[in-house]
Amino acid sequence: MCTNGVNVGQYKMMIQQIDDQIALQRRWAHKLYHMADNANFEKTAKIMEDLQHSLDDARALMSDIDDAVDDDAENGKGVTVQAFV
């Protein structure tokens, strides 16, 4: 469905791709945190832990974006095109 020139389905798929990338980076940050922690790199481990929290926050925002797209598409003014299959 397109609303105001935005293909909502494609847009949501791109949002999911960004979320998938953030999730992947979160997993790597977690692994690197453990490597630093096990090596007693205290400062590095702390920053890697902070990074993990930031990436968690980013993923929460991605969820908010997904919800906002639904709301905007539902309340959008203008032309809406929907394909029936």
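The structure we're discussing is the one just above.
Everything numeric here is computed off the predicted structure, so don't read it as measured data.

What counts as what
- Residues numbered from 1 in each chain as written.
- Predicted model: local features only at pLDDT ≥ 70, side-chain atom pairs only at ≥ 80, totals over all residues.
- Heavy atoms only, no water.
- Core = buried A, V, L, I, M, F, W, Y, C linked by side-chain atoms within 4.5 Å.
- Buried < 20%, exposed > 50% of the residue type's maximum accessible area, 1.4 Å probe, protein only.
- Helix = DSSP H or I, 4+ residues; strand = E, 2+ residues; numbered from the N terminus.
- Contact = heavy atoms within 4.5 Å.
- Patch = residues over 30% accessible without salt bridge, like charges linked within 9 Å, V, L, I, M, F, W, Y side chains within 5 Å.
- Areas by Shrake-Rupley, 256 points an atom, 1.4 Å probe, with all protein chains shown as cover.
- Salt bridge = Lys/Arg side-chain N within 4 Å of Asp/Glu carboxyl O.
- Lys, Arg positive; Asp, Glu negative; His and termini not counted.
- Charge placed at Lys NZ, Arg CZ, Asp CG, Glu CD.
- Expected span 1.5 Å × (residues − 1).
- Axes fitted to C-alpha atoms, helices over the stretch in contact; angles between N-to-C directions.
- Parallel < 35°, antiparallel > 145°, perpendicular 65-115°, else oblique.
- Left-handed = near helix turned anticlockwise from the far one by under 90°.
- Nonpolar A, V, L, I, M, F, W, Y, C, P; charged D, E, K, R; others polar.
- Polar contact = N/O pair within 3.5 Å; in protein donor to acceptor, adjacent residues only side chain to side chain.

Trainee: Teacher, can you tell me more about the nonpolar core here?
Mentor: The nonpolar side chains of a soluble globular protein tend to be buried, and buried together. One finds Val8, Ile15, Ile22, Ala29, Tyr33, Ala36, Ala45, Met48, Leu55, Met62, Val69 and Ala73 forming the largest nonpolar core, which totals 12 residues. Breaking this core down by element, the ones donating at least two residues are α1 (8-38) and α2 (42-75). Setting aside its immediate chain neighbours within four residues, Met48 contacts Ala29, Leu32 and Tyr33.

Trainee: Would you mind going over a negative patch on the surface with me for this structure?
Mentor: A cluster of acidic side chains, namely Asp64, Asp67, Asp71, Asp72 and Glu74, defines a negative patch on the protein surface. Within the secondary structure, Asp71 is located in helix α2.

Trainee: Just to check I follow, could you spell out α2 for this structure?
Mentor: Because an α-helix completes one turn every 3.6 residues, residues spaced three or four positions apart along the sequence face the same direction. Under the 1.5 Å per step criterion, the end-to-end length of α2 is 49 Å for 34 residues, consistent within 8% with the ideal 50 Å. Among the residues of α2, those classed as buried are Ala45, Met48, Gln52, Leu55, Met62, Val69 and Ala73.

Trainee: I'm lost on a nonpolar patch on the surface in this one. Help?
Mentor: On the surface, Val6, Tyr11, Met14 and Ile65 cluster together into a nonpolar patch covering about 330 Å² of accessible area. Within the fold, Tyr11 resides in helix α1.

Trainee: Looking at this structure, how should I read the packing of α1 against α2?
Mentor: Helix-helix packing: each pair is described by the crossing angle between the helix axes and the interaxial distance. It is at 9 Å that the axes of α1 and α2 come closest, and there the two elements cross at 170°. Between α1 and α2, the crossing angle belongs to the class labelled roughly antiparallel. The crossing of α1 and α2 is left-handed. Per-class residue counts for the contact of α1 with α2 are 19 nonpolar, 4 polar and 9 charged.

Trainee: Whenever I open this one, the side chain of Asp19 confuses me. Can you help?
Mentor: Its location among the elements puts Asp19 in helix α1. There is a polar contact of 2.9 Å between the side chain of Asp19 and the side chain of Arg59. Apart from residues lying up to four places away in sequence, Asp19 is in contact with Arg59 and Met62.

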